[in-house]
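# Geometric and topological summary
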Amino acid sequence: MNAIVLLLAAAGAYGTALMLGTLGEILTEKSGNMNLGVEGMMYMGGIFGLIAPNLYEQAVGEGNASPVVAILLAIIASFAIGALAGALFSFLTVTLRANQNVTGLAMTTFGTGVAKFAGELRRLQVGGYVTLSNDLKFAFDNHFMPAFLKKIPVVGPILFDQSEFFYLSILLAVMMHLFLTRTKTGLYLRAVGESPSTADTAGIDIARYKYLATIIGGGISAMGGMAYTMTTAGCVWIEASLSGTGWLAVALVIFCTWRPLNAIWSSILFGALMIMYLRIIVPFFPTELYKILPYFVTIVVLVITSMRNLKDKQPPASLGLNYFREER
C-alpha cells in the first residue's frame, strides 16, 4: 500500500507536465485545429522557461534573486514562446490553409531544433550545465501546503505534497471546463470546431477564434515543458528528458475525450505508468516493458473508443480540416 501511495504521489509531479500539455491541446482542438506540434512546443517551453530565471539570477547575482520573480519569469517566458509557436501554426493553417498534419509535424521538428540550439548556446555561455542555484531550485519544487495536510493518510502525500505547478494545472483545468461549458465565448469556440460554416453564417469570426484558441493553447502546452524542466528534471536542461512527452499529451486528449476535467486524473494515471518501473519492481519483468505501458494503454483506449463510437466521445467534427469560406 505504501508503495502505491508513493507511486501516485510521484505521478502527480510527472503528470503535471502531461496535464498542461493536454489542456493546451484540448483548447486548440476545440477550435477545429489539430496541432501535432505539442512536442516541439513543450521542448521550447522547457528551455526558455529555464533560461529566463537563469538570466535573471545571473543579472542580480546568486542569493539576491527573488523566487517569486523567477517563477513568474519562467511561466511568462514559456507561455510566450508557446504562444508565438501557436501564432505561427495558425498563420500557416488558418490564413495560408496549409495542411494541419504536415504543419504540426514540422512544428515538432522546428520546436525541438530551436530548443536544442538554445540550450546548447546557453550551455556554452555559462560554461556548464544550464541550471539555477539551490535556493531557486527549492522555490520551484516547493511543496507549500501545510504540514498537517501532508500527513493525512494516503490522501496527504498524493494531493498535498506537490509543487505549485500541480495546483496551477488543476486550476486551469477547472477554469477551462467552466469556460467551455458555461460561457458564451466558450460555446462559440465549440461551434467553430463543430461546424465552422454554420458558425460563420451566425456571424462568428472563425479566424479569430481559431487564432486565439491555438495561440493560448500553445502557450499552455509550452508551460508543461517548463513545469517538467523546473520540477522533475531539477531545474537542469537535459535535451532528451522531454522526449515523447508531447506525443503522450496529444494521445491523452483522445483518452480524456476532449474534456478538461478528465485531463486531471488521466494525466496522473499516465504519470504513474511513466515511472512505474522506478517504484514497483517485479522480478523477471523487463524494464523496457514497463516503459511502453503508457503507449500500450493509449493504443487500447483508441481501439475501444473507435469500436464504441459514442457521440459524446468523438472529436470536434471539423478537427484537422481547413475552413474554406467560399465552399460554405
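Here's a quick rundown of the structure. (Residues numbered from 1 in each chain as written. Predicted model: local features only at pLDDT ≥ 70, side-chain atom pairs only at ≥ 80, totals over all residues. Heavy atoms only, no water.)

### What about helix H9 (residues 184-194)?
All of the buried residues in H9 are Gly186, Leu189, Val192 and Gly193. Each buried residue of H9 lies within a common arc of 115 degrees when the element is viewed along its axis, so the set occupies one face. Contact partners of the buried residues in H9: helix H1 (2-30), helix H8 (164-182), helix H10 (196-201) and helix H11 (206-232). (Buried < 20%, exposed > 50% of the residue type's maximum accessible area, 1.4 Å probe, protein only. Helix = DSSP H or I, 4+ residues; strand = E, 2+ residues; numbered from the N terminus. Arc of directions from axis to C-beta. Contact = heavy atoms within 4.5 Å.)

### Regarding unusual backbone geometry
With a phi angle near 60 degrees, cysteine 235 is a residue other than glycine that sits in the positive phi range. One can find cysteine 235 in the loop between H11 and helix H12 (245-255). Look at cysteine 235 and you get buried, because its relative accessible area is 1%. One non-glycine residue, tryptophan 258, lies in positive phi territory at about 60 degrees. Positionally, tryptophan 258 belongs in the loop between H12 and helix H13 (260-279). Looking at tryptophan 258, the relative accessible area reads 6%, which means it is buried.

### Here we look at the side chain of lysine 210
Structurally, lysine 210 is set in helix H11. Although lysine 210 lies buried, it forms no salt bridge, and the closest oppositely charged side chain, aspartate 205, sits 11 Å away as judged by the N-O distance. The residues contacting lysine 210, other than those within four sequence positions of it, are Ser31, Gly32, Asn33, Ser90, Val94 and Val192. (Lys, Arg positive; Asp, Glu negative; His and termini not counted. Salt bridge = Lys/Arg side-chain N within 4 Å of Asp/Glu carboxyl O.)

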